[in-house]
Structure formats: structure tokens, C-alpha cells
Amino acid sequence: HILNENYIQVAERVVGWREAIQLAAEPLRTNGYITEDYILAMINTLIKMGPYIVVSPKVAIPHARPEDGVNKLGMSLLKLQRSVPFTDKGTHEVNLIIVLAAIDGDTHLKALSQLTNMLSDKKTNSKLLKADSIKSIFELITAYSV
């Protein structure tokens, strides 16, 4: 229920990982879920900590602390047809960027658990990475949201 169909985007490619995070987060920023500061915090965290947000092959879940600019709980998703490296060295190729905006340490845990289960299912993960429409992505995610 956290990921609204209107917050899913599909794009051919982006210039780099910074643009991927900015584009993926844009629906949340536009609709007041997060501030521009939150986007900058996600980028700065990746610069400081490295690509730890790449949680499985081809999938990244950028996030920052609630106090960095989260107004309400939300999630957005960007599916890239062409992968983008999530390091400046060109490693950790990613096609699926799922931005998580948590208002505290607990509220988002059910959604994160469902997301983890979905991404752990190799068949569903493969379908997500091959999906080329918002509708097909939303249907796959909805199946795991019960």
C-alpha cells in the first residue's frame, strides 16, 4: 500500500547513479513525501558508505534517515531498461531503484519485509527486471502486498 502506481516510472537510461536516485525520488518529492534535502542525503550517504544500498543483483534501495527530510511514509520505483553502475568505478550495475522514505524506525518494516520477500523470489525478481511497463511492475508488486 506504500507504493502507489503513480510513483512507478520506467526509463530507457540515465547518465549516472546520482540521476537515477533523483529521478526515482521525484514522485515522492513532487507530492510532498520528501524534501530535496532527503534526496541529497541519499546521494551523500552513498558517497560516504559505498554501494551498500545495492541489496541484490540489479536492485538498489536508496534511503536516508527520517530527519533528513521525510514528511510522510512513501516509496517510489524507477525501472531502467539499461543498467547504471552505482559506483564511480563502474561496478554494481542496477536496473531497479526503489526509494524508501520512512518516517521512523518501525512504520516501514512490513513494506520492507514484503519487498525483501519479493526480491528474494528469483522468478518474480526476473520478471521485474524484464518488465517494461508501469502496469506490469505494479501488478507484480501488488501480488506481494497482501
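We now examine the packing of helix H4 (residues 122-130) against helix H5 (residues 134-143). If you want to describe how two helices pack, look at the angle between their axes and the distance between the axes. One can describe the packing of H4 onto H5 by two numbers: an axis separation of 9 Å at closest approach and a directional angle of 160°. On the basis of their axis angle, the class for H4 and H5 is roughly antiparallel. By crossing handedness, the relation of H4 to H5 is classed as left-handed. For the pair formed by H4 and H5, the contact residues are Thr124, Lys127 and Leu128 on the first element and Ile137, Leu140 and Ile141 on the second.

Now for the packing of aromatic side chains. Enumeration according to the criterion identifies two aromatic pairs in this entry. Between Tyr7 and Tyr33, the aromatic rings sit 5.5 Å apart at their centres with planes inclined by 85°, giving edge-to-face as the arrangement. A residue pair is termed long-range when its members are at least 10 positions apart, and Tyr7 in strand S1 (residues 3-11) and Tyr33 in the loop between helix H1 (17-30) and helix H2 (36-49) qualify at 26 residues. Across the pair, exposure class does not vary: Tyr7 and Tyr33 are buried alike.

Between H1 and H2, whose axes approach to 10 Å, the crossing angle comes to 150°. Compared by their axis directions, H1 and H2 come out roughly antiparallel. Viewed along their axes, H1 and H2 form a crossing whose handedness is right-handed. Listed contacts from H2 to Trp17, Arg18, Ile21, Gln22, Ala25 and Arg29 of H1 are Glu36, Ile39, Met42, Ile43, Leu46 and Ile47. Taken together, the residues of the contact of H1 with H2 break down into eight nonpolar, one polar and three charged.

With respect to the helices, strands and loops of the structure, Asn125 is situated in helix H4. Look past the residues within four positions of Asn125 in its chain and what remains in contact with it is Ser56, Val59, Met118 and Leu119. A polar contact of 2.9 Å, which involves the side chain of Asn125, links it to the backbone oxygen of Leu119.

Now for the nonpolar core. Ile34, Phe86 and Ile97 are the most contacted members of the largest nonpolar core, which totals 48 residues. Residue assignment for this core shows that the elements contributing at least two residues are S1, H1, H2, strand S3 (58-60), strand S4 (74-85), strand S5 (93-101), helix H3 (109-120) and H5. Ranked by the residues each element gives to this core, the list is headed by S5, at seven residues. Residues within four places of Phe86 in sequence aside, it is in contact with Trp17, Ala20, Ile21, Leu46, Pro51, Ile53, Val54, Ala60, Thr91, His92, Val94 and Ile97.

How each quantity is defined
Residues numbered from 1 in each chain as written. Predicted model: local features only at pLDDT ≥ 70, side-chain atom pairs only at ≥ 80, totals over all residues. Heavy atoms only, no water. Axes fitted to C-alpha atoms, helices over the stretch in contact; angles between N-to-C directions. Helix = DSSP H or I, 4+ residues; strand = E, 2+ residues; numbered from the N terminus. Parallel < 35°, antiparallel > 145°, perpendicular 65-115°, else oblique. Left-handed = near helix turned anticlockwise from the far one by under 90°. Contact = heavy atoms within 4.5 Å. Phe/Tyr/Trp six-rings, centres within 6.5 Å; stacked < 30°, edge-to-face > 60°. Buried < 20%, exposed > 50% of the residue type's maximum accessible area, 1.4 Å probe, protein only. Nonpolar A, V, L, I, M, F, W, Y, C, P; charged D, E, K, R; others polar. Polar contact = N/O pair within 3.5 Å; in protein donor to acceptor, adjacent residues only side chain to side chain. Core = buried A, V, L, I, M, F, W, Y, C linked by side-chain atoms within 4.5 Å.

Honestly, it's all geometry; don't read function into it.
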